[in-house]
Each structure stands twice: as structure tokens, then as C-alpha cells.
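Listed below, chain by chain, are the residues.
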Amino acid sequence: MDIEKKAVNKLEDVISSCDYLESQISRNDKGVSWDGFINVYKKKGNVHDKDSLYKSIRVQVKGKKVSNVTAKSIRYSVQIADLRNYLTEGGTVFFVVYINNERNEFQIYFKSLLPVDIKPILKKYGKQKSRMLEFSPFPSDADEVSELFVNIAANMKKQMPFAGDEEIITLEELEKEAKPINLTFSYATISNHVNTTTSVFFDYDQYIYVKNSKGTEIPVGNRKIYHRDSIISIPIYVKGQKFYDRFTLRNTKDEIIYKIGKGVFFRTKCCDKLSAKFEFEFSGNLKERLKDVEFVCAFLNQGSLTIGEEVIIDSLDDIADENIDKNSLFRHLHWLQDVKQMLNLISFKEEFEYDKVSSEDVKWLCILVDCFVRNKNVNLVSDGTGLTNIQIAGHNLKFFVKHISSEGNNTIITLNKFKGKIERKGKDGKLYQVSLYSLLTKADFLTCSNIDCDALLKQTKQVPISNVFAWELNRLLLDIVSAWDEASERNDLSEAALNLAEWIRNEVDFIPKEISTLNFYQIVKRRRELNDAENAELLQLLDDPDLTPDCCMAAHLLLDEHHSARRCFCKLTTEQQEAYKRMPIFRFWKGKN
């Protein structure tokens, strides 16, 4: 029997064992560029009907006598004319069978030649008669062969529209452009068995596509993929207690890694639960870190792990945990719980970036935990108002420091819990009581992470109203509005500004009614369009002949009367104009640029 017939026989022996494939290959090698077909079916079986045919793939088979059939890859010459013919059919699978007759040994090599493979070769070497191409060993396992062909067929269908004359941009060319691109690939499996999927997926290059603006996937090349991550939405339990709703499953050729939370990992060899390794490296913000530590401690206590309904680890004997310092872990858990409690007590409402905590930050955390969780006094200094700022992990915290004794002992109080008396000197030289919140500035509202805006009005109402305090509140209101303009997503600033403005308008007589009304409506207008009744009230203000130019301009701005606003603006002095440009109301003037 000649070498070509032997090559076809060896290939057909492999294909005949595959439940999803059927071969129709000529042994006479008289075809033009092809020797036959391998049919890929949607369903497994020994006999296939026409309705289940997924794709017929043309194949070319060559045989070669050799002394060594163990090469990890080979190079074989392919005719350029054949490549052009393959392209017209949307692709081909080319086989080269190495045969050692003396030892009765053989090895099948193959190369998938789809449009994205062929076009770059024709573009660069189209004037040559042939080109040496690299071929990979063909698998011998029936399921692996079936899965390989199912994916070649799927990619051939996706690439058929690109078999025409238009050029295909390659992955290498895209990488040179150094622009963000949305790369995709797809992979179909015929089995739920992990080994089959991972072996084929990681042993062979996968076809890569880029999505254009219309969502069309355009083939750009192929690459070997070394790991695949999937987000699995299945809950994770320890002895019936749910800790997570999902996890990341990473498959590599030899290993399966369950990434749970931010930094907990279970590693197993493929299909070998007994090889499980348990690792953790805590990271992330406080919420993420605390959840991971709670999970690890629960697991070490209970010794079991369930994902969905499947028990992944039955006991701690299944993992290598001899290096885990359990006592240290539980101390860390209690520490994180104390930090969380402290942050709740100081009205901290952001995500605490624990990853950014330095050794100096730990000292401040210890001070705050001692003060708020353990009710201990501390030694701190403040500015002349009694306020102090503490920087921790990039977060700015503001407190009131209350003097306790002559030995330097103090206690720290959050602004919303302050019940003392703060006084400011008026123009008449007398002291007038103000609220602690009225000492805050725009920068405080933008940068401090523990200002409880919900408590602002409640504390304000507890202070006797005076002319000094009233104008402090008016300044505070404008600072809150300015801060809100720079942080429009801050609903707490929006609500604080609206509530304070409404209270000033209704209860504070020291502020002229036109000013409190304009301030109230500039806040309302930031939230929604003014209604007819509100516009009528502004028009009534404009009927007052004594209305100052700055208030007149504000009313016109709120009414969207920009030409009238400009006339009022021109009545102001240069100094007044510059001051007006810095006021929150100025944002409504469309002609400001």
C-alpha cells in the first residue's frame, strides 16, 4: 500500500472513533487541492442523519515516510495555488501523516487554514509557488478530536464572510496601533468533563476576533491561551452559612483555581479534589477584606466548603494548612471588626480603602478605636476652634477635640454628637453662639469622609438665632451648594442644602427675605425646573424698586432671562463682578463665557 493510502487509513481510524464526526476521504489523491471531507454533526451517534449535519470541512491529506514520529511540531510545504483554492471554500484542514513502516509507528499532524490564516500568507508570499507552514500534533483522544473539529467548524462559519477580496487586519497590526480594542473568542465544548475541555482549549491556538462599531466580529488572528477566567454566579457556603453569591473560576491546562472574594484561593489539579491547596492574601477595601477574613476563619473553624450544592472540601485534612497561623488570623478578624465599628460610630459613609493603610495610619486607627470603641481618652491637639483633621489611608476625617484634664487627656467627638457651646465674636465685640457645623467650609464638605450632613440641621436648630449666627449659616449654605456643584453625585449635599435653605427662609429673620428666597430657589432649580407659582414669586421680587442689582441679577438668572441679568451685572463694580462670578448662582448665567 502506498504512503498516501496509509496516511488516509491512519486518519480515518482516528475519525471513525469520534461520535460527532464522519469522514469521506479519497484514497486515490486525484482531487484538486482536496482529498475529501470530514463532516461535523450536532449530535453524537454511530449513524447520523442529514438534519444533524453542522458543517462539512474539506480536508487535504499527505503522507510521509520518516524515521522519527515524535516531533512536537513539523514544517511542511503547501502550494500557494492550493491556499487560494482553500480560501474560496472558507478554509480547509490540512493533514500530514508521518509514518515509520519499520516500527509500525505514526503521528498525524494538522493545520487549520481558515481565511484569517490564509490571507496574511497570500499577501506576503503570494508571488511564490509554495510556503513552509508549521503543523501541530493531532490529538488521538476521540473526544478531543471531536471538540477540536466542532470549534474549527464554528470558526469557519464565522470567517466565511471574510473569504472575499477584502483585506483582514492582523492582530499584530492592531497591537502596533496601541489603541484599546475589544477582543473576543468563543469556544464550544462537547463534554462537561473538565479534562477534555482544558486539554483541547489550552493545547491549540484559539481564533481571536475584534468587534467593530456595529458589533460584527472580525477575525484578526489566533493565539495560545494560557488561562481562562469565568465568573460563576453560584453561592458559596461554609456549614450552611452563605458568604458569597459568585466566584471566579480560572482554568489552566493543569490546574483549576477558585478565586473567592478578593483574595482567597483554592487550587486543585484537574479532576483531583484531593490535591486542593488553600491560599489567601487579604486585599481590597475594609468591606472586602473583612468578608474574606470572616470567610477564612469560618472555614478553618468548620472545615468544609460548599459551592452551590457540591461539597468542594469535606475537611481540613483535604488541604495543606500546616503553615496557617489561626490565632493571628482571628486577632486580625477582631481588629477589622473594631475598625468597622469605629467607622460606623464616626459616621464614615465611604468605602474605607484599607489597602492604602500605612504603618502611621495604623497608629491613628488604634487611637480612634481606643477612643470610640473602648471609650478611652487620648492626647491630641486641635486648632483654635477645637476642630482637628486626621488623615488615614487617603481619607480626611474631622473631629472636635474636647479637653478633659490638665495632664493633656482629651476625648474625640464627632461633629454630629457634639453638644457643647461654640461662640464667635460679632462686630459689636460680643460673643454669640454658633453651631459646630457652621465652622465648616466648602473644602471640608468635599474632602472630609465623616461629615454627617443629615445631622446638620438638627444641630443648627439647637443654637439660639442671632445676626452673627444667621450670616454664618448663610455662608455655610453657599459653601454646601458650591461643594454640591463640584460633586453633583452627592445626594447628601443636595438634601442638606435644600433643608437648610428652607429652614433659613422660614425661620431666620436676620437674613433679608429676598436673599433667603433666591438661595432657596437656586437650590430647587438645580434639582428641577421651577413651576409657575415659583416663577411668579421671583417676578414679585423684581417688582421691588429697592431690589439691589446683585439680587435683581439672581432673580433674572433663575427666570432664564439672561439679557436682563446682563444689564444688572453691568451695574456692579468691577470688584463686585469678580466676587459675583465666584458665587454659586453664577452657574445659571449662560453668557458668562
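Residues numbered from 1 in each chain as written. Predicted model: local features only at pLDDT ≥ 70, side-chain atom pairs only at ≥ 80, totals over all residues. Heavy atoms only, no water.

A. Here's a closer look at the overall build of the protein chain. In terms of regular secondary structure, the protein chain is built from 18 helices and 24 strands. Rg of the C-alpha trace for the protein chain: 37 Å, well past the compact-globule value of 25 Å for 593 residues, more than 25% over. Dimensions along the principal axes, computed over C-alpha positions, put the protein chain at roughly 120 × 65 × 40 Å. Within the span of the protein chain, comprising 593 residues, buried residues form 49% of the whole. Excluding contacts between residues fewer than 6 apart, the proportion of contacts in the protein chain whose partners are at least 24 apart in sequence is 60%. (Helix = DSSP H or I, 4+ residues; strand = E, 2+ residues; numbered from the N terminus. Rg over C-alpha atoms; globule rule 2.2 N^0.38 Å. Buried < 20%, exposed > 50% of the residue type's maximum accessible area, 1.4 Å probe, protein only. Contact = heavy atoms within 4.5 Å.)

B. Inspection of helix α2 (residues 80–88) at higher detail. Among all positions in α2, only Ile-80, Asp-82, Leu-83, Tyr-86 and Leu-87 are buried. One side of α2 holds all its buried residues, which, seen down the axis, span an arc of 150°. Of the surrounding secondary structure, the elements contacted by the buried residues of α2 are β3 (53–65), β4 (74–79), β5 (92–100), β6 (105–113), α3 (115–125) and β7 (130–137). Phi turns positive, to about 85°, at Gly-90, one or two residues after α2. (Arc of directions from axis to C-beta.)

C. View of the nonpolar core. Formed by 64 residues in total, the largest nonpolar core has its most connected members in Phe-445, Leu-500 and Met-553. Those elements giving two or more residues to this core turn out to be α11 (456–461), α12 (467–486), α13 (491–507), α14 (513–527), α15 (532–542), α16 (549–558) and α17 (562–570). Looking at which element gives the most residues to this core, the answer is α12, with nine residues. If sequence neighbours within four positions are ignored, Met-553 has contacts with Ala-565, Cys-568, Phe-569, Tyr-580, Phe-586 and Trp-589. Membership of the second largest hydrophobic core comes to 55 residues, among which are Phe-278, Leu-290, Phe-295 and Val-401. (Core = buried A, V, L, I, M, F, W, Y, C linked by side-chain atoms within 4.5 Å.)

D. View of the side chain of His-562. When you line up the elements, His-562 lands in helix α17. Note on His-562: relative accessible area 17%, which makes it buried. Leaving out residues up to four positions away in the same chain, His-562 has contacts with Leu-557, Phe-588, Trp-589 and Lys-590.

E. Region of the structure containing the pairing of strand β20 (residues 387–392). The pairing of β20 with strand β21 (residues 395–403) spans six bridges and is antiparallel. Its bridge partner being in β21, Asn-389 is matched across the sheet by Lys-398. Once β20 ends, the chain turns through two residues before running back antiparallel as β21, passing Ala-393 with a positive phi of about 50°. (Pairing = 2+ DSSP bridges.)

F. Up close: the sheet that holds β3. On the basis of which strands lie adjacent, the open sheet formed by seven strands has the order β1-β2-β3-β5-β6-β7-β4 and mixed pairing. This sheet does not close on itself; its edge strands, each paired only once, are β1 (21–25) and β4. Across this sheet, the average inter-strand angle for adjacent strands is 35°, counted without regard to direction. Bridging between β6 and β7 involves two bridges; their strand directions are antiparallel. Pairing of Tyr-109 across the sheet is with Pro-137, part of β7. (Axes fitted to C-alpha atoms, helices over the stretch in contact; angles between N-to-C directions.)

G. A look at the sheet that holds strand β10 (residues 217–223). Here three strands make up an open sheet; going across it, the order is β8-β9-β10 and the pairing antiparallel. Of all strands in the sheet, those with a lone pairing partner are β8 (183–184) and β10, marking the two edges. Strand direction decides the pairing type here: strand β9 (residues 206–211) and β10, joined by six bridges, are antiparallel. Its bridge partner being in β10, Gln-206 is matched across the sheet by Arg-223. Sheet strands in contact with α3 are β9 and β10, and its direction is about 80° off that of β10. Sheet contacts for helix α4 (residues 142–159): β9 and β10; angle to β9, the most-contacted strand, approximately 30°.

H. Spotlight on helix α1 (residues 3–16). Taking 1.5 Å per residue, 14 residues should reach 20 Å; α1 reaches 20 Å between its end C-alpha atoms and fits that length. All of the buried residues in α1 are Ile-3, Ala-7, Val-8, Asn-9, Leu-11, Glu-12, Val-14 and Ile-15. Those residues of α1 that are buried lie in contact with β1, β2 (36–41), β3, β5, β6 and α4. One side-chain oxygen of the residue at the start of α1 lies 3.1 Å from the amide nitrogen of Glu-4, identifying that residue as Asp-2. (Expected span 1.5 Å × (residues − 1). Polar contact = N/O pair within 3.5 Å; in protein donor to acceptor, adjacent residues only side chain to side chain.)

I. Local environment of the packing of α12 against α13. Two elements in contact, α12 and α13, have axes separated by 9 Å at closest approach and are oriented at 150°. The pairing of α12 with α13 is recorded here as roughly antiparallel in orientation. Considering how the two elements wind past one another, α12 and α13 form a crossing that is left-handed. Of α13, the residues touching α12 (which contributes Leu-473, Asn-474, Leu-476, Leu-477, Ile-480, Val-481, Ala-483 and Trp-484) are Leu-493, Ser-494, Ala-497, Leu-500, Ala-501, Trp-503 and Ile-504. Of the residues that constitute the contact of α12 with α13, the class distribution is 13 nonpolar, two polar and no charged. (Parallel < 35°, antiparallel > 145°, perpendicular 65-115°, else oblique. Left-handed = near helix turned anticlockwise from the far one by under 90°. Nonpolar A, V, L, I, M, F, W, Y, C, P; charged D, E, K, R; others polar.)

J. Representation of the pattern of salt bridges in the model. All chains considered together, the criterion is met by 32 salt bridges. Residues Glu-89 and Arg-58 are paired through a salt bridge, measuring 3.4 Å at the closest nitrogen-oxygen approach. With a gap of 31 residues between them, Glu-89 in the loop between α2 and β5 and Arg-58 in strand β3 connect regions that are remote in the sequence. The exposure class assigned to Arg-58 is partly exposed, which follows from its relative accessible area of 24%. In this structure, Lys-158 and Glu-217 form a salt bridge, with 2.9 Å as the shortest nitrogen-oxygen distance. Placement of Lys-158 in helix α4 and of Glu-217 in strand β10 is noted, with a sequence separation of 59 residues between them. A relative accessible area of 25% means that Glu-217 is categorised as partly exposed. (Salt bridge = Lys/Arg side-chain N within 4 Å of Asp/Glu carboxyl O.)

K. Seen up close, unusual backbone geometry. We note that Ser-347 has phi near 65°; this positive angle belongs to a residue other than glycine. Along the chain, Ser-347 falls in the loop between α8 (326–345) and α9 (359–372). Phi is positive for Ala-393, close to 50°, though the residue is something other than glycine. Tracing the backbone through its elements, the reader meets Ala-393 in the loop between β20 and β21.

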